[in-house]
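Coordinates in review
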Amino acid sequence: MNELLKRDSTLKIISVLAAILIWIYVVDVQNPEIEITYRSVPVSFVNRESLAEFGLSIVDEITPTIDVRVRGRRKVLSDVKNSDIRATADLIGYNRAGDFFVPVQVQVPDSSVLVIDKKPYTVPIKLDKIIQVQKAVNVNPIGKLSDSYMASEPVVTPNMVVLEGPAVILNTVDRVCVDVNLEDVNDDIIVKPKIKLFNKDGEEIVDHNIKKDVEVVEVRYKVMKVKTVPVMPNLTGEFSVLDAAMEKTEVIPSNIKIAGEKEIIDNITQIATQAVDLSQITDSTELDIPVIIPDGVHAVDNVSSVKVKIDVKRQAEQNVSMNNDSLQKNFSSSTDTENMAPNE
């Protein structure tokens, strides 16, 4: 009986040892512990709200990366990808502007995996004060309207934009612009272009640290037809002086350029002046007379008046001139007769 018990105990011990050896073989030979380096693991910043409490923002932010070296079982690590490793930089405790190096913390998806190294251990950041500036929105027209058309001054809504971001970046913003295409346009325009920021060198500024209170604005252009028409003086009444007669009139400028809706402009052939009362004129004169611009029409060059020159000829002057002509002719005739007479 004792022999049987001893033999049974021995078998049990052998079995346990065999199991241990098999386990060691499977673990160490078939699934050994290895080291792997995961390169270019992106680092994300956490607790950004703590910066906002101190009126700070990250300047020239890029997504930093680090290399992470880990140790673990082959089968476990074979399922771990770069995206499974979480690298973070905690922004709590940074309360002033300046350049800093933030320590990086690394988390792996399996507790059996050990992080044995990371390069670099810290990532650099630059912090700056957040400010607000207000800028006017400028319209940059692109292209040329159809022939015989012009556009009014654009109406921009809203015409101001509030920018918020790091002072070092906002201080480089010189102009806020929107592009509007006018190529071959012959009707009113309503568009909603996206706002763009430019520095003093005309280079566009694209920075996600800059926040705008609006991203787009509404731009309205009134497109009008343009036409050149003659100016006609509106002469009324008659000369009060009996011997006065109209010799000629002249309008300067004789033509003006007008603009308005096509239906209105097409029906206008001339522009009249306000009335000029001839009974108040006794001699040649030059007057500034307002022009009458119809409703819905405006003068392109802001012409509001023209010069009207009126040349008046008096009848007495005409008689004197005729008498002088007759005398001159008689004198010339008499002289010719004397020259032709023979010498005695």
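Residues numbered from 1 in each chain as written. Predicted model: local features only at pLDDT ≥ 70, side-chain atom pairs only at ≥ 80, totals over all residues. Heavy atoms only, no water.

Section: the overall build of the chain
Within the chain one finds six helices and 22 strands. Of all 344 residues assigned to the chain, the portion counted as buried reaches 29%. Taking the contacts inside the chain whose residues are at least 6 apart along the sequence as the reference set, 75% of them involve residues at least 24 apart. Per element, the accessible surface of the chain, about 22100 Å² overall, is 51% carbon and sulfur. (Helix = DSSP H or I, 4+ residues; strand = E, 2+ residues; numbered from the N terminus. Buried < 20%, exposed > 50% of the residue type's maximum accessible area, 1.4 Å probe, protein only. Contact = heavy atoms within 4.5 Å. Areas by Shrake-Rupley, 256 points an atom, 1.4 Å probe, with all protein chains shown as cover.)

Examining the pattern of salt bridges
Applying the stated rule across the entire model yields 15 salt bridges. Close ionic contact of K196 with D179 constitutes a salt bridge, the shortest N to O distance being 3.1 Å. Here K196, found in strand β13 (residues 196–198), pairs with D179, found in strand β11 (residues 175–181); they are 17 residues apart in sequence, far enough to count as distant. For K196, a relative accessible area of 29% puts it in the partly exposed group. Exposure remark for D179: the relative accessible area of 28% places this residue in the partly exposed category. Here the salt bridges do not stand alone but share partners, grouping E35, R69 and R71 into one network. (Salt bridge = Lys/Arg side-chain N within 4 Å of Asp/Glu carboxyl O.)

Quick notes on the sheet that holds strand β22 (residues 305–314)
An order of β17-β22-β20 is seen for the three strands of this open sheet, with the pairing classed as antiparallel. The open sheet has two edge strands, β17 (244–252) and β20 (285–290), and neither has a second partner. The average angle at which neighbouring strand axes cross in this sheet is 25°, direction not considered. Pairing of β17 with β22 involves eight bridges; the strand directions are antiparallel. Across the sheet, residue V251 finds its bridge partner in β22, namely V308. (Pairing = 2+ DSSP bridges. Axes fitted to C-alpha atoms, helices over the stretch in contact; angles between N-to-C directions.)

Observations concerning the packing of aromatic side chains
Taken as a whole and judged by the stated rule, the model has one aromatic pair. Relative to F100, the ring of Y94 lies with its centre 5.4 Å away and its plane at 70°, an arrangement referred to as edge-to-face. (Phe/Tyr/Trp six-rings, centres within 6.5 Å; stacked < 30°, edge-to-face > 60°.)

Regarding the side chain of E61
Relative to the helices and strands, E61 resides in the loop between β2 (56–58) and β3 (65–73). E61 has contacts with F45, R48, H208 and N209, leaving out every residue within four places of it along the chain.

Comments concerning the sheet that holds strand β15 (residues 218–221)
Pairing is antiparallel across the open sheet formed by three strands, whose spatial order is β9-β15-β12. The sheet terminates laterally at β9 (155–157) and β12 (189–191), the two strands that pair on one side only. Strand-to-strand twist across the sheet, computed as the mean angle between neighbouring axes with direction ignored, equals 10°. As paired elements, β12 and β15 share three bridges and run antiparallel to each other. Bridge pairing links V191 to V219 in β15.

A closer look at the environment of Q280
Inspection of the secondary structure puts Q280 in the loop between β19 (271–277) and β20. Given a relative accessible area of 62%, Q280 falls into the exposed group. Placed 42 residues apart in sequence, Q280 and E238 show a C-alpha to C-alpha distance of 8.8 Å.

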